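Topology and contacts: notes
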Amino acid sequence: MAGPAPFAKMNGIGNEIIVADMRGRADRVSPRAALTLAADAATHFDQIMAIHDARTPGTDNFIEILNADGSSAQACGNGTRCVVQALAAETGKGIFTFETVAGILNARQHEDGLISVDMGKPRFGWQEIPLAEEFRDTRMIELQVGPIDAPVLHSPSAVSMGNPHAIFWVDRDVWSYELDRFGPLLENHPLFPERANITIAQVTGPDHLTIRTWERGAGLTRACGSAACAAAVAAARTRRTGCSVALTAPGGPLHVEWRDDDHVVLTGAAEWEFSGTFDPATGAWQRDAGSAA
Ligand SMILES: N[C@@H](CCC[C@H](N)C(=O)O)C(=O)O
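Residues numbered from 1 in each chain as written. Predicted model: local features only at pLDDT ≥ 70, side-chain atom pairs only at ≥ 80, totals over all residues. Heavy atoms only, no water.

For the protein chain, an unreviewed UniProt entry supplies the name Diaminopimelate epimerase and the organism Aquamicrobium defluvii. Taken from UniProt, the Function (unreviewed entry) comment for the protein chain reads in full: "Catalyzes the stereoinversion of LL-2,6-diaminopimelate (L,L-DAP) to meso-diaminopimelate (meso-DAP), a precursor of L-lysine and an essential component of the bacterial peptidoglycan." Database annotation for the protein chain, UniProt heading Subunit (unreviewed entry): "Homodimer." (UniProt positions renumbered as here; feature names shortened; annotations may be inferred.)

Quick look at the environment of Glu 178 now. Residue placement: Glu 178 occurs in the loop between β12 (164-169) and α3 (179-187). Sequence separation between Glu 178 and Asp 53 is 125 residues, and the spatial gap between their C-alpha atoms is 42 Å. (Helix = DSSP H or I, 4+ residues; strand = E, 2+ residues; numbered from the N terminus.)

A separate point is the environment of Phe 124. Mapped onto the secondary structure, Phe 124 falls in the loop between β8 (115-118) and β9 (144-145). Overall, the relative accessible area of 19% leaves Phe 124 in the buried class. On a C-alpha basis, the gap between Phe 124 and Leu 153 in space is 21 Å, while along the polypeptide they are 29 residues apart. Not counting residues within four places of it along the chain, the set of residues in contact with Phe 124 comprises Ile 129, Thr 138, Ala 158, Val 159, Val 233, Arg 237 and Trp 258. (Buried < 20%, exposed > 50% of the residue type's maximum accessible area, 1.4 Å probe, protein only. Contact = heavy atoms within 4.5 Å.)

Turning to the packing of aromatic side chains, a few remarks are in order. Considering all chains together, one arrives at six aromatic pairs under this definition. Between Phe 7 and Phe 278, the ring centres sit 5.9 Å apart and the planes meet at 85 degrees, which makes this aromatic pair edge-to-face. Taken as a pair, Phe 7 in strand β1 (residues 5-12) and Phe 278 in strand β19 (residues 271-278) lie far apart in primary sequence, 271 residues in all. Taken individually, Phe 7 and Phe 278 each receive the classification buried, so the pair is uniform in this respect. Ring geometry for Phe 124 versus Trp 258: centroids 6.0 Å apart, planes at 65 degrees, classification edge-to-face. Of this pair, Phe 124 sits in the loop between β8 and β9 while Trp 258 sits in strand β17 (residues 252-258), placing them 134 residues apart in sequence. Comparing Phe 124 with Trp 258 shows no difference in burial state: the two are buried. (Phe/Tyr/Trp six-rings, centres within 6.5 Å; stacked < 30°, edge-to-face > 60°.)

Attention now moves to the UniProt feature "active site" (unreviewed entry) in the protein chain. UniProt tags Cys 76 and Cys 224 as "active site" (unreviewed entry). The greatest C-alpha distance among the residues just named is 7.6 Å, despite their covering 149 residues of sequence, which places them together in space. Tracing the chain through its elements places Cys 76 in the loop between β5 (72-73) and α2 (77-91). On the basis of relative accessible area, Cys 76 is assigned to the buried category, the value being 5%. Following the sequence through the fold, Cys 224 ends up in the loop between β15 (219-221) and α4 (225-237). If we skip the residues at most four places from it in the chain, Cys 224 touches Asn 15, Asn 78, His 165, Thr 213 and Glu 215.

A few words now on the pairing of β12. Within β12, six of the six residues are buried, leaving the element largely enclosed by the surrounding structure. Neither face of β12 is open: one carries Pro 164, Ala 166 and Phe 168, the other His 165, Ile 167 and Trp 169, and all of them are buried. Where strand β11 (residues 157-160) lies against β12, four bridges are found, and the strand directions are antiparallel. Paired with Ser 160 across the bridge in β12 is Pro 164. Pairing of β12 with strand β13 (residues 197-205) involves five bridges; the strand directions are parallel. Of the residues in β13, the one forming a bridge with Trp 169 is Ala 201. Running through α3, the crossover from β12 to the neighbouring parallel element β13 is right-handed. (Pairing = 2+ DSSP bridges. Right-handed = clockwise from strand over helix to strand, strands pointing away.)

Quick look at the site of the ligand now. Around the ligand there are 15 residues in total, and Asn 15, Glu 215, Arg 216, Gly 225 and Ser 226 lie nearest to it. The contact in question runs from an oxygen atom of the ligand to an N or O atom on the backbone of Ser 226, over 2.7 Å. Burial of the ligand by the protein chains amounts to 100% of its free accessible area of 360 Å². At the level of secondary structure, the elements contributing two or more residues to the shell around the ligand comprise α2 and α4. The residue inventory of the shell around the ligand, partitioned by class, reads four nonpolar, nine polar and two charged. (Near = heavy atom within 4 Å. Polar contact = N/O pair within 3.5 Å; in protein donor to acceptor, adjacent residues only side chain to side chain. Areas by Shrake-Rupley, 256 points an atom, 1.4 Å probe, with all protein chains shown as cover. Nonpolar A, V, L, I, M, F, W, Y, C, P; charged D, E, K, R; others polar.)

With that out of the way, let us pick up the side chain of Asn 15. Mapped onto the secondary structure, Asn 15 falls in strand β2 (residues 15-21). Accessibility expressed as a relative area gives 0% for Asn 15, which makes it buried. In this structure, Asn 15 is in contact with Met 10, Asp 46, Gln 47, Asn 78, Glu 215, Thr 221, Ala 223, Cys 224 and Gly 225, ignoring residues within four places of it in sequence.

Before going further, it helps to spend a moment on the UniProt feature "binding site: substrate" (unreviewed entry) in the protein chain. On the UniProt side, "binding site: substrate" (unreviewed entry) is annotated at positions that read Asn 15, Gln 47, Asn 67, Gly 77, Asn 78, Asn 163, Asn 197, Glu 215, Arg 216, Gly 225 and Ser 226 here. For Glu 215, the position within the fold is in strand β14 (residues 208-215). When neighbours within four sequence positions are excluded, Glu 215 is seen to be in contact with Asn 15, Asp 46, Gln 47, Glu 187, Asn 197, Thr 221, Ala 223 and Cys 224.

This is the structure:
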């Protein structure tokens, strides 16, 4: 029995994140612990970022990502920024290389406190996303919500940022769509064999998008970094924007740059809320004495 592990409750522009310090121990955060922490209003989260010892030379840490429903995620841009901020405060370092199940991620903290994460290369092949049936062009796939002759949402772009995303382009304000109603149906649509993160996106200026996201395994969120990357890349691919895109999510601003080397770099803020310890097997937790409410 390894005993309680330290954690920090943080957020990446409102994307609720628990950064769990699992370094120096062999156990993992269990799906049961995730469900317990997610059910408590004080520790409710969208993702847990579990920091483990490095598995591969040249990396700082292995990061395991869990969603609020206990499932695993391959990528979490906002959570990675929270990990960088926590480790930068502890070590004084500003540059990190992490390994996740989806590969290697490089990240850095800038002098102004903002953090950039290189989210790697997007993938567009229907089998890579994955989709359940062949689409030769994933800039616009056949999927719609609502009446067949007057769909409310239709023809999303599909992108993998390590995890699956569908981006529905809309003309009206993103708040005028019932994402809480459509989100669960679309996340679990048979077209997405590994489920999908669902975003509605409106072009709100030259190289500017406003987005709302229903996250796979977590539900409505105030921000989703990989969805911001997927939306920016899909916008550039469909000539709605260029390759450097500012985005507004309900929780605040993000910037995404799709570089010439095909890597997608996400930049934004991260914020510490409070710290405590928890049992990685059960999720039972305690706030640190004196840690802010
Ligand atoms: N909030 C994350 C993405 C979360 C992962 C997602 N729910 C999944 O299962 O793919 C981000 O900031 O990227």
